[in-house]
Amino acid sequence: MACNCGGNAPQWPPQPVVVYELTLPDGTVRRYVTYQEADAANQRAGSTGVITAVTQ
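Residues numbered from 1 in each chain as written. Predicted model: local features only at pLDDT ≥ 70, side-chain atom pairs only at ≥ 80, totals over all residues. Heavy atoms only, no water.

Engineer: Hey, could you run me through the overall build of the chain in this one?
Structural biologist: Within the chain one finds one helix and three strands. Sequence-ordered secondary structure for the chain, helices as α and strands as β, is β-β-α-β. Residue burial in the chain is summarised as follows: out of 56 residues, 18% are buried. Intrachain contacts of the chain at a sequence separation of at least 6 include 44% that bridge at least 24 residues. Looking at the chain as shown, the accessible area adds up to about 4600 Å², and 55% of this sits on carbon and sulfur atoms. (Helix = DSSP H or I, 4+ residues; strand = E, 2+ residues; numbered from the N terminus. Buried < 20%, exposed > 50% of the residue type's maximum accessible area, 1.4 Å probe, protein only. Contact = heavy atoms within 4.5 Å. Areas by Shrake-Rupley, 256 points an atom, 1.4 Å probe, with all protein chains shown as cover.)

Engineer: What exactly am I supposed to notice about the pattern of salt bridges here?
Structural biologist: Close approach of charged atoms lets side chains of opposite charge pair. Inspection of the entire model under this criterion finds one salt bridge. Between R31 and E21 there is a salt bridge, with its nearest N and O atoms 2.8 Å apart. Within this pair, whereas R31 is found in strand β2 (residues 29-32), its partner E21 is found in strand β1 (residues 18-23), the two being separated by 10 residues in sequence. Overall, R31 belongs to the partly exposed group, its relative accessible area being 46%. Residue E21 is classed as buried on the basis of its relative accessible area of 16%. (Salt bridge = Lys/Arg side-chain N within 4 Å of Asp/Glu carboxyl O.)

Engineer: Looking at this structure, how should I read the nonpolar core?
Structural biologist: Generally speaking, a soluble globular protein has its nonpolar side chains buried in company with each other. Core analysis: the biggest nonpolar cluster contains five residues, these being L22, L24, Y32, A38 and A41. If near-sequence neighbours (up to four positions away) are discounted, A41 is found in contact with L22 and Y32. (Core = buried A, V, L, I, M, F, W, Y, C linked by side-chain atoms within 4.5 Å.)

Quick look at the structure:
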């Protein structure tokens with residue numbers, strides 16, 4: 001069986017990374033890996049922030 005260890009294998013473009021930004025009313029912006037983390041932080045801050053998905 002032939003080895004598929006690289007060499008002439010096609011190179012796939014890297015996948016975009018999605019992070020969740022929590023923007024608080026005082027202008028503070030924090031980034032989280034998961035929506036659940038951003039939501040929990042928002043609840044701790046009084047649920048006054050805005051969570052947006054950002055592609056890096």
